[in-house]
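Here are the chains, one letter per residue:
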Amino acid sequence: AKQKPAHFIQNIIKRDLDEGKVTSIVTRFPPEPNGYLHIGHAKSICLNFGLAKDFGGQCNLRFDDTNPEKESDEYVESIKRDVSWLGFQWQGDIRFTSDYFDTLYSWALELIRVGKAYVCDLTPEQAREYRGTLTEPGRNSPTRDRSVEENLTLFEKMRAGEFDEGRCSLRAKIDMASPNINMRDPVIYRIKKVRHHHTGDKWCVYPSYDFAHGQSDAIEGVTHSICTLEFEDHRPLYEWFIANLSVPATPKQYEFARLNLNYTVTSKRKLRQLVDDGHVDGWDDPRMPTISGMRRRGFTPASLRNFCERIGVTRADSVVDVGMLEYCVRDDLDKNAPRAMCVLRPLKVTLTNYPEDRREEFVAPGHPNRDDLGERRLSFGPSLYIDREDFREEANKKYKRLVIGKRVRLRNAYVIEADECIKDDGGQIIEVKARVIDNTIGQDPEDGIKPKGVIHWVSAHDHLACDVRLYDRLFTEESPGSGGKDFLESINPDSLEVLTGCMAEPSLANAAAEFAYQFEREGYFCLDEKYSKSGKPVFNRTIGLRDSWAK
Ligand code: ATP
Ligand code: MG
Ligand code: MG
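Residues numbered from 1 in each chain as written. Chains lettered and ligands numbered in written order. Predicted model: local features only at pLDDT ≥ 70, side-chain atom pairs only at ≥ 80, totals over all residues.

## Regarding the overall build of the chain
Okay, step 1: When you go through the chain residue by residue, the secondary structure sums to 12 helices and 29 strands.
Okay, step 2: Its C-alpha radius of gyration of 31 Å places the chain more than 25% over the 24 Å reference for a compact globule of 551 residues.
Okay, step 3: In terms of its C-alpha atoms, the chain occupies a principal-axis envelope of roughly 100 × 55 × 40 Å.
Okay, step 4: Here the chain holds 551 residues, and 40% of them are scored as buried.
Okay, step 5: Residue pairs at least 24 apart in sequence account for 70% of intrachain contacts in the chain once pairs closer than 6 positions are excluded. (Helix = DSSP H or I, 4+ residues; strand = E, 2+ residues; numbered from the N terminus. Rg over C-alpha atoms; globule rule 2.2 N^0.38 Å. Buried ≥ 20, exposed ≤ 12 C-beta atoms within 10 Å, placed from the backbone. Contact = placed C-beta atoms within 7 Å.)

What follows is the structure in structure tokens.
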């Protein structure tokens, strides 16, 4: 296979290793446990773990847990599961920024002692006003020049819980006139009287993201701290903390463009809203762009990794076509998914010339060119089901399915010819009467009249009743929520269609959850663990066979 040219971060690492700036690399994937991971996180996971793998380094999994009010163990567990499922293994134990709260606190004291941090009494609203704007410098806080002793005493009182939330904060003393607003005396500790999912009630002051992130990188010996472009303006602050504290290492921050996908939202806040407002049935709803949703839908880890490889890593913001993701899924499943037959909208066919009590067994390959996927056995009898869409009383030449007076091949079985159909009182076709053409297993009819096409089927006497859930895109617009609209206005009202009374070949009784099959002529489908009941499986459509959106 052709090797993709190295991307800019790989080039930076190569250079750093060549020049001996580092002897081996350490990266980290640092999710905040405040929601489930989505496809954008997959890009970051593949990048960070992929670099460690490419360069023989290590990648840590660190939970960036500095906002206790939004975080929970449920999210921690889901994130661990998602990273493992994608095929990556973190180095050593999982880590939590909260493991470093004692050290971070001591570094805050260190800054106070050297006169580089102070307790500020401005309320959050006042602080915003003092901060200035892009065109106007900020103003110094009235308490900016407190003595070291006073700051130490006040910060200790903050930690001891003596002040209410919002009453004061600890800020780095940098430069209120800096053109970079992040450098205008950023808050490094705030009071939050909130129980933490990992440290319990030990703390009521918590470090800010900016104060915690780089220092946690330093503690772990991270060499290349990779984040998305929104943090570019935070880099000077990242470097300021590292330069002004007695940290054990000097990590460097690099930024890359986040993944944006059309017809998709990739923001935990919006995904949470979809869950909370009941637009979907949980974070793992198969329509969600979450890793857990895509897993439940039958997407494979390899297809997601391949997608992340193809989109590449750059510093240019762009929107990727969701069709590319779908292509990667289809490509993987075409090569690897076992084949099966399932009739989604059953129509009965009675074979009038086939003996009532006769049964035959046909063998079909598990996959047309994968012997390792074994074979299936199909029991054949006088009555079977085909899809309603595969029969018409009359049709033109383009319709290559079953028509009265015409022939079609039943996949892996005989050629049949339709004679008549039976309708109910409402005119709806309820049964087709047809004949088997003799000697057509594996060969064309002897009279030279060839079948028009091939259709799938199941036997009436031996099949598995099931439900099938068909999914479409969750949003009807390329950029949900653009143009000042609420993203919820772009929700596709028809993103889910539930078909009941479907009939699958019996081999699907052994289907494992999340493992996709190709239902021949219909698409890729996998068993849904949540909705299936014993004896009554429910299948999710992973994706159609072709891109039905490409016009
Ligand atoms: P969200 O905006 O959805 O809340 P986040 O960046 O706040 O995402 P984190 O849990 O902090 O979520 O993300 C962990 C890592 O994943 C970060 O390094 C972040 O940069 C990266 N990441 C998040 N979203 C994307 C994306 N769309 N593309 C690439 N990387 C992403
Ligand atoms: Mg974040
Ligand atoms: Mg976030």
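## Topic: the domain arrangement of the chain
For an interface, size is often stated in terms of accessible area lost upon the parts coming together.
Okay, step 1: Segmentation of the chain into domains returns domain 1 (8–256), domain 2 (268–339 + 466–543) and domain 3 (347–456).
Okay, step 2: Using only C-alpha atoms to locate each centre, domain 2 and domain 3 end up separated by 31 Å.
Okay, step 3: Every contact between the two is made by 7 residues of domain 2 and, on the other side, 8 residues of domain 3.
Okay, step 4: Classifying every residue of the side of domain 2 that touches domain 3 gives 2 nonpolar, 1 polar and 4 charged. (Domains from an automatic or database assignment. Nonpolar A, V, L, I, M, F, W, Y, C, P; charged D, E, K, R; others polar.)

## Considering the sheet that holds strand β2 (residues 58–63)
Okay, step 1: One open sheet accounts for 3 strands, arranged β1-β2-β3; its pairing is parallel. Edge positions in the sheet fall to β1 (26–29) and β3 (95–96), since each of these pairs with one other strand and no more. (Pairing = 2+ DSSP bridges.)

## Examining the site of ligand 1
Okay, step 1: Around ligand 1 lies a shell of 15 residues, among which Pro-31, Gly-40, Ser-44, Arg-258 and Lys-268 are the nearest.
Okay, step 2: Secondary-structure elements contributing two or more residues to the shell around ligand 1 are α2 (39–54) and β8 (224–228).
Okay, step 3: When residues of the shell around ligand 1 are assigned to their parent elements, the largest contribution, 4 residues, is made by α2.
Okay, step 4: Counted by class, the shell around ligand 1 contains 4 nonpolar, 6 polar and 5 charged residues. (Near = placed C-beta within 6 Å.)

## Quick word on the sheet that holds strand β29 (residues 538–543)
Okay, step 1: Here 7 strands make up an open sheet; going across it, the order is β12-β27-β28-β29-β25-β26-β13 and the pairing mixed. Both edges of this open sheet fall to β12 (339–340) and β13 (342–343), since each of them pairs with a single strand only.
Okay, step 2: Where β12 and strand β27 (residues 516–519) come together, 2 bridges link them in parallel fashion. Bridging across to β27, Arg-339 finds its partner in Gln-518.
Okay, step 3: The strands that helix α12 (residues 322–336) touches are β27, β28 (523–527) and β29; relative to β29, the one it contacts most, it runs at about 115 degrees. (Axes fitted to C-alpha atoms, helices over the stretch in contact; angles between N-to-C directions.)

## A closer look at the nonpolar core
Okay, step 1: Core analysis: the largest hydrophobic core is formed by 86 residues, its most contacted members being Cys-342, Ile-386, Ala-504 and Tyr-517.
Okay, step 2: If you tally residues by element for this core, the top one is α2, at 8 residues.
Okay, step 3: Non-local contacts of Ala-504, meaning those with residues more than four positions away in its chain, are made with Ala-340, Cys-342, Val-458, His-463, Leu-464 and Cys-466.
Okay, step 4: Judged by nonpolar contacts, the second largest core, of 32 residues, contains Ala-117, Phe-155, Cys-204 and Tyr-206. (Core = buried A, V, L, I, M, F, W, Y, C linked by C-beta atoms within 7 Å.)

## Topic: the pairing of strand β22 (residues 429–436)
Okay, step 1: For strand β14 (residues 346–351) and β22, the ladder comprises 4 bridges, and the chain directions are parallel. Across the sheet, the residue bridging to Lys-348 is Glu-431, located in β22.
Okay, step 2: Pairing of strand β21 (residues 415–423) with β22 involves 7 bridges; the strand directions are antiparallel. Opposite Glu-420, over in β22, you have Lys-433 as the bridge partner.

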